[in-house]
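Survey of secondary and tertiary structure
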Amino acid sequence: MGVEYAVLAIMTSIALIIIITSSLFLYLHMISESSKIPVLEGSVVTREYNESLELILTMRHLRGESSELKQIDITTDQGMVQLVPPFLELNNSIEVKTLGLLNNKIILPGSTSRVIVIMPRSYFSTGKEYGILIVLDKYTLTLTLSM
């Protein structure tokens, strides 16, 4: 006594349908979760005034969920300068302004935001490269600044 061919065919068809539908749902879940990951791009522009240097950090949010700005790290000749929202003046020599950030710390999808950092020119030397690290809750953006 064995299982008839018709019963085997039905059991195989059911198993195949289960495998195909579970693979499809896994694929759709992966696509929906990966579209939530924020993708940002950025650039830095400098403007030089008398004894100060203005760094304009531009962040463009291309897709994904909104992100919250946690901190900005700028390497200088005098060490690492760490800026944490809410941006307060550091040593009365560094000033920070934000444009396009919700509550001065959240960047929304599809928006372009700017963080303007005004620092003394003595923090930088001509002919060197400096790194800027923008840390968000779901993303990290690395920029370089050539003087």
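To keep things clear, this report deals only with the structure shown in the data block.

Rules behind the numbers
- Residue positions within a chain follow its written sequence, with the count starting from 1.
- Under the rules for a predicted model, residues below a pLDDT of 70 receive no local features and side-chain atom pairs below 80 are neither given nor counted, while totals for whole chains, interfaces and linings still include all residues.
- As a rule here, side-chain values cover all heavy atoms of the structure and leave hydrogens and water aside.
- Definition used in this section: a nonpolar core is a set of buried Ala, Val, Leu, Ile, Met, Phe, Trp, Tyr and Cys residues joined via side-chain atoms within 4.5 Å.
- A simple rule labels every residue: compare its accessible area, found with a 1.4 Å probe on the protein chains alone, to the largest value its type can have, and call it buried under 20%, exposed over 50%, or partly exposed in between.
- Only DSSP runs of H or I covering at least 4 residues are called helices, and only runs of E covering at least 2 are called strands; the numbering of each starts at the N terminus.
- Residues count as neighbours in contact if any of their non-hydrogen atoms are within 4.5 Å of one another.
- Being paired, for any two strands, means DSSP has found at least two bridges between them.
- The angle between two axes is taken between their N-to-C directions and runs from 0 to 180 degrees, where each axis is a line fitted to C-alpha atoms and a helix contributes only its stretch in contact.
- Excluding any residue in a salt bridge, patches collect residues exceeding 30% relative accessible area, merging like charges within 9 Å and nonpolar Val, Leu, Ile, Met, Phe, Trp and Tyr side chains within 5 Å.
- Only the protein chains shown count as cover for residues, with accessible areas throughout obtained via the Shrake-Rupley method and a probe of 1.4 Å.
- The term salt bridge refers to a pairing of a side-chain nitrogen on Lys or Arg with a carboxyl oxygen on Asp or Glu at a separation within 4 Å.

What follows covers the nonpolar core. Ranked by size, the top nonpolar core spans 28 residues in total, and within it I72, I74, V117 and I134 carry the most contacts. If you list the elements that add at least two residues to this core, you get β1 (39–48), β2 (52–63), β3 (67–76), β4 (79–83), β7 (112–120), β8 (129–136) and β9 (140–146). Not counting chain neighbours up to four residues away, the residues in contact with I134 comprise L57, M59, L69, Q71, I72, Y139, T140, L141 and L143.

Strand order in the open sheet formed by 4 strands is β1-β2-β7-β5, and the pairing between neighbours is antiparallel. Pairing within the sheet leaves two strands with one partner each, and these edge strands are β1 and β5 (95–99). Strand-to-strand twist of the sheet, defined as the mean angle between neighbouring strand axes without regard to direction, takes the value 15°. As judged from the 10 bridges shared by β1 and β2, these two strands associate in the antiparallel manner. Within β2, the residue paired with G42 across the bridge is M59.

Let us look at a nonpolar patch on the surface. There is a patch of nonpolar side chains on the surface, built from L24, F25, Y27, L28 and I31 and spanning about 530 Å² of accessible area. In this structure, I31 sits in helix α1 (residues 5–34).

Position of L102 relative to the elements: it lies in the loop between β5 and β6 (106–107). Along the sequence, L102 and S113 sit 11 residues apart, while their C-alpha atoms lie 9.4 Å from each other.

What you tend to see is this: most non-glycine residues have negative phi, and most peptide bonds are trans. You will see that N103, though not glycine, has its phi angle at about 55°, which is positive. With respect to the helices and strands, N103 occurs in the loop between β5 and β6. Looking at N103, the relative accessible area reads 59%, which means it is exposed. Here N104, not a glycine, exhibits a phi torsion of approximately 60°, which is positive. With respect to the helices and strands, N104 occurs in the loop between β5 and β6. For N104, a relative accessible area of 44% gives the class partly exposed.

As a further point, take the pairing of β8. Side chains of β8 alternate between two faces, with Y130, I132, I134 and L136 buried and E129, G131, L133 and V135 left unburied. Where β3 meets β8, 5 bridges bridge the pair, whose relative direction is antiparallel. Counterpart to Q71 in the pairing with β8 is V135. Of the pairings in the sheet, the one linking β8 to β9 comprises 7 bridges and is antiparallel in character. For Y130, the partnering residue across the bridge sits in β9 and is L145. Turn length for the β8-β9 hairpin, with the two strands adjacent in sequence and antiparallel, is 3 residues.

Purely geometric stuff here, so don't read any function into it on its own.
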